[in-house]
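Each chain, letter by letter, is given below.
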Amino acid sequence: MKNFFSIKDVVNVYDIIKESILLKKNPYNFQNIGRNRTIGLVFFNPSLRTRISCQKAAFNLGCNVWTLDIKNDSWKIEMHDGGIMKDTQEHIKEAISVMSIYCDILAVRALPNLLDKNYDYKEILFKKILYYSKVPVVNLESATLHPLQSLADVITIAEHSSFFKKKSKVVLSWAPHVNPLPHSVANSFSQWITKIRELDFIITYPNGYDLHKKFLHGVKISNNQNESFKNADFIYAKNWSSYLYYGKIIVHDFKWMINQEKMKLTNNAKFMHCLPVRRNIVVEDSVLNSKNSIVLEQSKNRIYAAQIIFLKILQSL
Ligand code: CP
């Protein structure tokens, strides 16, 4: 594997899930591959799970790791080309090129600005990162995609469905939030889930919250949340801001929050969320605290999702 930007860098989704589950059983099997190798983790935005799960994944492979929180620990980075840098101190070109000299894999989180649809959806910033890096790059969440989260999510669903032997209905449900959030988790989840033939997938959201059409290709869509929940085996809750009215919150009422009443419509469904989650805004306490909540399992699988990707890249160096 040369880079890991999206699902397109994975040859076979079933195989990578299988290999991740094997790695989970024997996480230290490849301790020698990381000897004298360094993974650099760069965060333009905050993180808890991605940062720590990637560190743990790297340690499991015997790698050294350094982490940089750009906002708090570095210079103010200029993202645009050709300007006079009065307010910024270092250009993305030098920053990425230099950081990539200090590692064998550069993993980067750079979230969208949610102001300029064209800039975000053309992944202009991440394309620069890929271009300026002298080593393979891993996407830790870009403007439109969060592929490591989705890999962890499909691993978790595989574990709860005897590797998809049990035909399952998976519902991605929009849920309310107080801030406008990126679309990356929903976009990526749709990309990965639709590659698994055994899953019946539906996305439910209020009017005006359609994702970009390239992420809805072949996906069932409904604006009726209760109807969608019927017979579901997995409910994945996630907020995203509007794509159409780019980056805006257009529904302010909280009737889309996931609660016990809605979960009762399902086939005793497992509750999923990528975290962090706002309790009693996105989902009621009782659902998150219930035995059907598998959010911690998703978080744990972030380690093995990162580890399999780092391993594939290390094997190709
Ligand atoms: N789910 C996820 O990516 O969590 P963090 O933002 O805490 O890394």
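In the annotation of an unreviewed UniProt entry, the entry for the protein chain reads N-acetylornithine carbamoyltransferase, and the organism field reads Blattabacterium sp.. As recorded by UniProt, the Sequence similarities (unreviewed entry) comment attached to the protein chain reads in full: "Belongs to the aspartate/ornithine carbamoyltransferase superfamily."

Enquirer: Help me understand the UniProt feature "domain: Aspartate/ornithine carbamoyltransferase Asp/Orn-binding" (unreviewed entry) in the protein chain, please; the structure alone is not making it clear to me.
Expert: As annotated by UniProt and renumbered to match this structure, "domain: Aspartate/ornithine carbamoyltransferase Asp/Orn-binding" (unreviewed entry) occupies residues 199-309. Helix makes up 25% of residues 199-309 and strand makes up 15%, while its end C-alpha atoms are separated by 24 Å.

Enquirer: Quick question: what am I supposed to make of the packing of aromatic side chains here?
Expert: Inspection of the entire model under this criterion finds 12 aromatic pairs. Ring centres 4.9 Å apart and planes at 65° place the aromatic pair Tyr 121 and Tyr 243 in the edge-to-face group. Here the residue Tyr 121 occupies a position in helix H5 (residues 117-121), and Tyr 243 occupies one in the loop between strand S10 (234-238) and helix H10 (260-263), the gap between them amounting to 122 residues. You can call Tyr 243 buried: its relative accessible area is 17%. Summarising the aromatic geometry, the rings of Phe 189 and Phe 201 are spaced 5.8 Å apart at their centres and angled 75° between planes, so their arrangement reads as edge-to-face. Here Phe 189 is found in helix H8 (residues 184-193), whereas its partner Phe 201 is found in strand S8 (residues 199-204), with 12 residues between them in sequence. Phe 201 carries the same exposure label as Phe 189, and that label is buried. A cation over a ring is seen here: Lys 117 above Tyr 243, with NZ or CZ 4.0 Å from the ring centre.

Enquirer: Would you mind showing me how to read the pairing of strand S5 (residues 105-109) here?
Expert: The side chains of a regular strand alternate, first on one face of the sheet and then on the other. By the criterion of burial, S5 is predominantly enclosed, with five of the five residues buried. Neither face of S5 is open: one carries Ile 105, Ala 107 and Arg 109, the other Leu 106 and Val 108, and all of them are buried. Of the strand pairs in this sheet, strand S1 (residues 38-43) and S5 are connected by five bridges, and their pairing is parallel. Across the sheet, the residue bridging to Leu 41 is Ala 107, located in S5. Across three bridges, the pairing between S5 and strand S6 (residues 137-139) is parallel. Counterpart to Leu 106 in the pairing with S6 is Val 137.

Cut-offs applied
Residues numbered from 1 in each chain as written. Predicted model: local features only at pLDDT ≥ 70, side-chain atom pairs only at ≥ 80, totals over all residues. Heavy atoms only, no water. UniProt positions renumbered as here; feature names shortened; annotations may be inferred. Helix = DSSP H or I, 4+ residues; strand = E, 2+ residues; numbered from the N terminus. Phe/Tyr/Trp six-rings, centres within 6.5 Å; stacked < 30°, edge-to-face > 60°. Buried < 20%, exposed > 50% of the residue type's maximum accessible area, 1.4 Å probe, protein only. Lys NZ or Arg CZ within 6 Å of the ring centre and 35° of its normal. Pairing = 2+ DSSP bridges.

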